[in-house]
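Okay, here's what each chain looks like letter by letter:
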Amino acid sequence: MPYIPDFDTDAILSILDSISQKHPEGSPERDAIELAQIALIYPRHTRKEEDFRRFYRDFFDPSFKLKVSHEFATREDADKWLASGKAEDAERVRIAGKGFMVVRLPGRFTFMSAPLEGEEVEADGSEEDSE
């Protein structure tokens, strides 16, 4: 997949539209292309275009490292922070030296084990749950 510096969203939407027209309505190809168009429109709609462009650049950056937003000495400390309402979905944290991701579930957030660079991956892959 090539990196397109300073891409023009409208031009890409137009290109995707011309490609989608080559596939019949309701085909998996056309549906996928239309979904990609919506995905490109979404950052504009939510006024997050700069966030998307930063994510896009980071995606292609070979030196990209996961950013850990918080480090907690204990699970109890992490749970208190999670309950504070300051956590964001997909935020990466370190708890007692291990990587976790904040995950939004219906009505609450929880931690999911998500090893960071250099950590050994545990075989069971179970979800760490928190209220």
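Quick note: structure is the one above.
By convention here, each chain's residues receive numbers from 1 onward along its written sequence. Given that this is a predicted model, residues contribute local features only at a pLDDT of at least 70 and side-chain atom pairs are listed and counted only at 80 or more, while totals for whole chains, interfaces and linings are drawn from all residues. Hydrogens are left out, water is left out, and the side-chain values use all remaining heavy atoms of the structure.

(A) Representation of the layout of surface pockets. Taken as a whole, the largest pocket spans an internal volume of roughly 1000 Å³. Taken together, 28 residues line the largest pocket, and the ones lying closest to its centre are D51, F52, R54, F55 and Y56. Numbering of helices and strands starts at the N terminus; helices are DSSP runs of H or I of at least 4 residues and strands are runs of E of at least 2. Going through the elements one at a time, α1 (9-20), α2 (28-45) and α3 (49-60) are the ones with two or more residues in the lining of the largest pocket. Here the element with the most residues in the lining of the largest pocket is α3; it accounts for 7 residues. Note on residue categories: nonpolar means Ala, Val, Leu, Ile, Met, Phe, Trp, Tyr, Cys or Pro, charged means Asp, Glu, Lys or Arg, and polar means any other residue, Gly included. Looking at side-chain class alone, the lining of the largest pocket contains 17 nonpolar, 2 polar and 9 charged residues. Points on a 1 Å grid over protein atoms alone make up a cavity when a 1.4 Å probe fits among them but cannot get out, and a pocket when they form an open set with protein on both sides within 12 Å along at least five of seven lines; lining residues each have an atom within 4 Å of a point. Grid points are joined across faces, edges and corners, and a volume is the space filled by probe spheres set on the points.

(B) Seen up close, the sheet that holds strand β3 (residues 98-105). Strand order in the open sheet made by the 4 strands is β1-β2-β3-β4, with mixed pairing throughout. Each having just a single partner strand, β1 (70-72) and β4 (108-113) make up the two edges of the open sheet. Across the sheet, the axes of successive neighbouring strands diverge by a mean angle of 35°, strand direction being ignored. One ladder, built from 4 bridges, connects strand β2 (residues 92-95) with β3; its direction is antiparallel. Across the sheet, the residue bridging to I95 is K98, located in β3. Contacting β1, β2, β3 and β4, helix α4 (residues 75-83) runs over the sheet at an angle of about 145° to β4. Here the rule is simple: two strands pair whenever DSSP picks up at least two bridges between them. The convention used is that axes are lines fitted to C-alpha atoms, helices contributing only their stretch in contact, and that angles between N-to-C directions extend from 0 to 180 degrees. In what follows, residue pairs with any heavy atoms lying within 4.5 Å of each other are defined as contacts.

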